[in-house]
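Descriptive structure summary
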Amino acid sequence: LTSPPLQINRTSHHEIHTSAASSAIWASPLNNYQRKSVNTIRSRSLSTETTWNESSLPEKIKSLDEYKVLYDFSIKDPNRFWKMAAERLDWYRFPTKIKNTEFDYRCERGVDIKWYEDGILNACYNCVDRHIEHDHSTAQQVALIFEPDTPTESRHHVTYGELLRDVKKFANVLKKHGVKKGDRVTVYMPMVVETCIALLACARIGAIHSVVFGGFSANNVAERVSDCDSKIIITSDFGVRGGKCSPLKAKIDQALKMKQCSAVNTVLVFQRNHGMPEMKDDCADLRSSLEWKDGRDFWVHEEMEKVNEICEPERMNAEDPLFILYTSGSTGKPKGIVHTTGGYLTYTNLTFKYVFDYNPGDVYMCTADVGWITGHSYAIYGPMSNRATTVIFEGVPTYPDVSRYWNIIDKHQVNIFYTAPTAIRSLMAHDDKYVTHTSRQSLKVLGSVGEPINPEAWEWYHTVVGEKRCPIIDSWWQTETGGMMITPIAHAWELEPGVATLPFFGVQTKLFDKATKKPLNPPNSGELCISDSWPGQARTLYGAHERFVDVYFKQYPNYYFTGDGCEIKENGYHHITGRVDDVLVISGHNIGTAEVEAALDHHDHVSESAVVGYPDPKKNQGMYCFVTLKDDVEETEELRKQLIKLVRDMIGAHVTPDFIHFAPNLPKTRSGKIMRRILRKIVEPDISNLGDTSTLTDPSVVDDLIKKCPRTK
Ligand code: WTA
């Protein structure tokens, strides 16, 4: 064997405090203030018998009353609430400090967020090892059910025992290639079991994973690789979606030819369907035509042969970063959102358990790609830390036909199903028979995330898919929040179509008036902020803490600014109304208008551009691009096509302009700023309501735009 001696850091498992033991060991006696507040809260719980007691959190939230009791407790005594929540995990050292956070950028400390700061744990251990150590029979429990793109392809189930073995081996492959605690590892993978193995292996050795969605262009990969200075990339030879084979390794090759990526010295390549007989012709062609750079590129299946299965989890401080995930901002380049270990895992663990009412044995399926935060929090860390059985689906909802989701639900007897409104809307456009000819009797809970769900889609999901048996969990949250923030809890209270309902434990919402910046008392509608920290919150932007503070904490000092609008109703229910900044949410993907403008401006013939969104019944929003061409350039259909292609090539195939509007002039203020507010009104279209145009240098520009805009016709 050529592998260097592995550094084995043996831990006595006695040192690991199990969740059962830890409450006894760590629960400190209540002080007088705490005793009083707990009693007051308990006495207010009138009609319900609650399972909550003073030493641990309940297994389930059964009613609105019970929620209110715990919610009040979580706000009044976050230290005790989140200490109990942390007891759901296993720690090498249980934290003595729970919450230590500052939101006010004006004070000396500045914005600084720490949870469980002296705690020591490992996320991978909590997602895999501990389940087997607590109960050996879990080694045989299915952890992941792989559902390939083609339903007839041989599928495989991975047990917790097998997962642990493969994660350890892959972690050793990473170590063998020099990856150490704190190193950034870029992951560019399809939605397959190996992706979970890669992420958990990074977590095991304390490396920080940075997943880049497989649909992103080489250009975007390069930008993200260089921003976090990662020297190693994990990818797959190809991915398969909707019957088509898409090159992944080839995109990496392209990215690595760019100057920004010169530091990358290792590419680990998984073989899609390694060892399986079936392979489509186009996939076989792709594999055989791969570029291969010896000394840099390695097949994972070959590397796995060279390592052993012994790999102790690294002891991580709760505030050590677990991962970076890039998300689009309203200005500038993508933001590298940093999540840390203890708070993130505690938060995703508790939200998953409560919100979906997950019970042992339930089969859970989340359709989000691991390239997005939902795939991180609710396909991997939340479910796996709860010892769930999760379906990993490689494909798309419409292949081979529009019954695919419902067939998978029947095939694997899925109990809890979490998807996005855009998928629901695209499926409801077809005859209901594609749903009703399937059984779906296993379903208990249905979830929605990523964008506002319109009442029609909600009703269809509830009535046709769930046959009115299943609550619809319309959960509002963000890459930055780590986990669900405003969400129903399954079976606990009444729902309303398209309403995310109530804040999760520890989450305090506050509305502000956009114009006056003054706080608003509900019932009201305004910009949504959060008043105090919660453990799942992002800690910073990678290498850009100042930008983090600017974007999220400066609009409303002492508050986290979400960038979303919200209406809080009489009954306290929260209705999210959509973005209030220059981020578009199209089919559940966040797209910064600035990124699209930068791509358009790249074209030699373009002088400047302005991109705005408009409401779209299917995709939530559509993308409308105003483009000013350089002098003497002709407006041709060919150029329009080139621009659309340029955006897709530079950002990714999931980003496609719906309209390119050649505009010789754009409405500008005297200081030269493009008035996007007016452009948004034109394309909405809401031209009777353009507002004040008196500050424009040339108000007639607006009339020209209206005349030429196809949406105002
Ligand atoms: C939007 C996805 C309405 C919102 C987890 C947010 C929603 C952005 C909902 C974050 C919902 C997400 N209702 N809007 N239930 N869920 N959003 O970072 O605008 O990909 O700010 O995180 O999606 O998208 P991100």
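Residues numbered from 1 in each chain as written. Predicted model: local features only at pLDDT ≥ 70, side-chain atom pairs only at ≥ 80, totals over all residues. Heavy atoms only, no water.

1. Considerations on the overall build of the chain
Across its full length, the chain holds 22 helices and 31 strands. Computed over the C-alpha atoms, the radius of gyration of the chain is 25 Å, within 12% of the 27 Å expected from 2.2 N^0.38 for a compact globule of 713 residues. For the chain, the C-alpha atoms occupy an extent of roughly 75 × 65 × 60 Å along the three principal directions. Restricting the contact set of the chain to residue pairs at least 6 apart, pairs at least 24 apart contribute 72%. Accessible area of the chain: about 27,500 Å², with a carbon and sulfur share of 50%. The centroid of the 83 positive side-chain charges in the chain is displaced by 3 Å from the centroid of its 92 negative side-chain charges. (Helix = DSSP H or I, 4+ residues; strand = E, 2+ residues; numbered from the N terminus. Rg over C-alpha atoms; globule rule 2.2 N^0.38 Å. Contact = heavy atoms within 4.5 Å. Areas by Shrake-Rupley, 256 points an atom, 1.4 Å probe, with all protein chains shown as cover. Lys, Arg positive; Asp, Glu negative; His and termini not counted. Charge placed at Lys NZ, Arg CZ, Asp CG, Glu CD.)

2. A word on the UniProt feature "domain: Acetyl-coenzyme A synthetase N-terminal" (unreviewed entry) in the chain
The sites that carry the UniProt feature "domain: Acetyl-coenzyme A synthetase N-terminal" (unreviewed entry) are, in the present numbering, residues 67–127. Annotated as residues 67–127, this span is 39% helix and 16% strand, and its ends, taken at the C-alpha atoms, are 27 Å apart. (UniProt positions renumbered as here; feature names shortened; annotations may be inferred.)

3. A look at the packing of helix α5 (residues 123–134) against helix α13 (residues 373–385)
At a closest axis distance of 8 Å, the pairing of α5 and α13 adopts a crossing angle of 50°. On the basis of their axis angle, the class for α5 and α13 is oblique. As for the relative orientation of α5 and α13, their crossing is left-handed in sense. Contacts between α5 and α13 involve A123, N126, C127, R130 and H131 on the former and, on the latter, Y381, M384 and S385. (Axes fitted to C-alpha atoms, helices over the stretch in contact; angles between N-to-C directions. Parallel < 35°, antiparallel > 145°, perpendicular 65-115°, else oblique. Left-handed = near helix turned anticlockwise from the far one by under 90°.)

4. Here's the deal with helix α14 (residues 404–412)
When we look at burial in α14, the residues that qualify are R404, Y405, W406, I408, I409 and H412. Just past α14, the residue Q413 takes up positive phi, approximately 50°. (Buried < 20%, exposed > 50% of the residue type's maximum accessible area, 1.4 Å probe, protein only.)

5. Observations regarding unusual backbone geometry
Following P522, the chain continues into P523 via a peptide bond in cis, with omega recorded as 0°. Of note, the amide linkage connecting E684 to P685 takes the cis form, showing an omega dihedral of -10°. Note that P685 resides in the loop between α21 (676–683) and α22 (700–708). The phi dihedral of D357 falls on the positive side, at around 50°, and the residue is not glycine. Within the element layout of this structure, D357 appears in the loop between α12 (341–355) and β16 (363–366). Classification of D357 as buried rests on a relative accessible area of 9%.

6. Quick word on the site of the ligand
The ligand sits among 17 residues. The nearest are D474, S475, T479, D564 and R579. Interatomic distance of 2.8 Å between a side-chain N/O atom of D474 and a nitrogen atom of the ligand. The contact in question runs from a nitrogen atom of the ligand to an N or O atom on the backbone of S475, over 2.7 Å. Taking 530 Å² as the accessible area of the ligand by itself, protein coverage stands at 96%. Of all the secondary-structure elements, those providing two or more residues to the shell around the ligand are α13 and β26 (574–579). Looking at the shell around the ligand residue by residue, the classes come out as seven nonpolar, six polar and four charged. (Near = heavy atom within 4 Å. Polar contact = N/O pair within 3.5 Å; in protein donor to acceptor, adjacent residues only side chain to side chain. Nonpolar A, V, L, I, M, F, W, Y, C, P; charged D, E, K, R; others polar.)

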